[in-house]
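The chain contents come next:
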Amino acid sequence: MADIEYRLPQKRELKTSIPGPKSEALTERRKKAVSAGVASSLPVFADELDGGVIRDVDGNQLVDLGSGIAVTSVGASAPKVVSRVQDAVAKFTHTCFMVTPYEDYVSVGEKIAALTPGSFEKRTALFTSGSEAVENAVKIARVHTKRQAVVVFDHAYHGRTNLTMAMTAKVMPYKQGFGPFANEVYRVPMSYPFRDPEGMTGEEAARRALSIVQKQVGGENVAAVVIEPIQGEGGFIVPAEGFLPALSTWCRDNGAVFVADEVQAGVARAGKWFASEYEGVEPDLVTFAKGIAGGMPLSGVVGRAEIMDAVHGGGLGGTYGGNPVACAAALGALETIEDWNLVDRALEIESIIKEELGSLADSSPIVGELRGRGAMIALEFVKPGSKDPNPEAAKQIAATCLEQGVAILTCGTYGNIVRLLPPLVIDFDLLRDGLRVFAKAIEEAGA
Ligand SMILES: *Cc1c(COP(=O)(O)O)cnc(C)c1O
């Protein structure tokens, strides 16, 4: 295994208060140029990113515990991504794969088919965003099954296009005022061990969800059941053991397509190539995006050949889908994950997070639960002595961290969850430094 290379010193360093004067000036310009509907978590503007460091325009170096929402797993300027992108972009930026095909698109398909669960024959189609991948998975499932209904879950996040807004659970900010939404989307309860009745098993949670489907939709009408094997925006909810296999079995028995939305949890993030592997589930279709291409926009659907090939020629595609530069980046990112053994590194990150935060999670009155897998770990904050969501604490802790140069993200239906999504290449001393700032912020907020 090769050593991880860094370009910037992997150190937290503050030269100004956060935000500094240059970021503040850019924020003023931004207000006049950029729609208020596009918000940013951090008040600083990026200058350069490498490994686990965000260097802002004022020269501050922040610890990156968010990876641009689980995207830059290999870092935001991984050498192999950069060099492959440079080579590709110098040859051609675009042909449109629907007009003139190129090899890298095919190579990404071959690689992703080999890495996703299931040894059956697979096909891949590439797109640009995660939402587009999810939309296309639904299109493919509908053509294959000649049915329409799509089953989704509480706390789900599947994107911001019209169909995927309908599939996403949370109204604010994702859906508020944007309707009407696509129909034939049915929502059922998720397995949420922290908030479900004590001791509810995965099988019981699956029965609770599927009995609603049977009564209100009818198994014979379901085209697809779409689920994140670990929910992302919803709060890193890991369903109880047995939940995913029960859904998968139900789909097989009812002729529905089982779709794992691995856009956030997939591609090494959760300590396996794909999070579905934890329970030996072999989804019919897998959607992927975020971590696949080292920050370049690329997404796709991969799955059983007979389902993927059910679509008529020309039925799938898009002008930019599988852009050649993004495909080159994906090949560089996948190679980087292998070279630097980042699947195992995600598990090492999990151990370090648990080592640094585990005792606090047990002792702090405002930490309800520490959960997640690999480099996808969250803390759910509650009001002391209860399970009532405590979004104020999550917000305050994120702000305290930011002041000290540690960039963390919040999420969750109730906004009460802090999620840790460090780049898988983060230097371990830097990670510990960031986690200690976070731990201290939790202690202060809970005191
Ligand atoms: C981010 C995300 C999406 C949407 O991806 P975009 O690239 O933002 O369109 C879909 N599903 C899951 C699970 C996600 O985390």
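That block above? That's the structure.
It should be emphasised that the depicted structure is a prediction, and the values quoted were computed from it without experimental measurement. (Residues numbered from 1 in each chain as written. Predicted model: local features only at pLDDT ≥ 70, side-chain atom pairs only at ≥ 80, totals over all residues. Heavy atoms only, no water.)

Peer 1: It is not clear to me how the site of the ligand should be interpreted in this structure. Could you clarify?
Peer 2: Every residue lining the ligand is accounted for by Ser129, Gly130, Ser131, Tyr157, His158, Gly159, Glu228, Asp261, Val263, Gln264 and Lys290. Within the side chain of aspartate 261, an N or O atom sits 2.7 Å from a nitrogen atom of the ligand. Between the ligand and lysine 290, the relevant distance is 2.7 Å, taken from an oxygen atom to a side-chain nitrogen or oxygen of the residue. Bound to the protein, the ligand loses 83% of the 380 Å² it would expose on its own. Of the residues in the shell around the ligand, the class split is two nonpolar, six polar and three charged. (Near = heavy atom within 4 Å. Polar contact = N/O pair within 3.5 Å; in protein donor to acceptor, adjacent residues only side chain to side chain. Areas by Shrake-Rupley, 256 points an atom, 1.4 Å probe, with all protein chains shown as cover. Nonpolar A, V, L, I, M, F, W, Y, C, P; charged D, E, K, R; others polar.)

Peer 1: Which parts of the structure should I look at to understand the pairing of strand E7 (residues 222–227)?
Peer 2: The side chains of a regular strand alternate, residue by residue, between the two faces of the sheet. Where burial is concerned, most of E7 is hidden: six out of the six residues are buried. Two strands pair when backbone bridges link them, and strand E5 (residues 149–153) and E7 are joined in this way by three bridges, in the parallel orientation. Within the sheet, the bridge partner assigned to valine 150 lies in E7 and is alanine 224. For E7 and strand E8 (residues 257–261), the ladder comprises four bridges, and the chain directions are parallel. Of the residues in E8, the one forming a bridge with valine 226 is valine 259. Taken together, E7, helix H8 (residues 243–254) and E8 form a β-α-β motif whose crossover is right-handed. (Buried < 20%, exposed > 50% of the residue type's maximum accessible area, 1.4 Å probe, protein only. Helix = DSSP H or I, 4+ residues; strand = E, 2+ residues; numbered from the N terminus. Pairing = 2+ DSSP bridges. Right-handed = clockwise from strand over helix to strand, strands pointing away.)

Peer 1: What am I meant to see in the state of the cysteines here?
Peer 2: In a disulfide, the sulfur atoms of two cysteines are held together by a covalent bond. Within the structure shown, the criterion is met by zero disulfides. Cysteine 401 provides the cysteine sulfur closest to cysteine 411, a residue in no disulfide bond, and the two sulfurs are 14 Å apart. Judged by relative accessible area, cysteine 411 falls into the buried class, the value being 6%. (Disulfide = S-S within 2.5 Å.)

Peer 1: Please explain the packing of aromatic side chains as it appears in this structure.
Peer 2: For any two aromatic rings, the description comes down to two numbers: the centre-to-centre distance and the angle of the planes. In total, this model carries six aromatic pairs according to the counting rule given. Relative to tyrosine 105, the ring of phenylalanine 97 lies with its centre 3.7 Å away and its plane at 10°, an arrangement referred to as stacked. The exposure class of tyrosine 105 is buried, given its relative accessible area of 13%. With a centroid separation of 5.8 Å and 75° between ring planes, the pair formed by phenylalanine 153 and phenylalanine 243 is classed as edge-to-face. With a gap of 90 residues between them, phenylalanine 153 in strand E5 and phenylalanine 243 in helix H8 connect regions that are remote in the sequence. Across the pair, exposure class does not vary: phenylalanine 153 and phenylalanine 243 are buried alike. Through successive ring pairs, a cluster of aromatic residues spans Phe92, Phe97, Tyr102 and Tyr105. Directly above the ring of phenylalanine 194 sits lysine 387, whose terminal nitrogen or CZ lies 4.6 Å from the centroid. (Phe/Tyr/Trp six-rings, centres within 6.5 Å; stacked < 30°, edge-to-face > 60°. Lys NZ or Arg CZ within 6 Å of the ring centre and 35° of its normal.)

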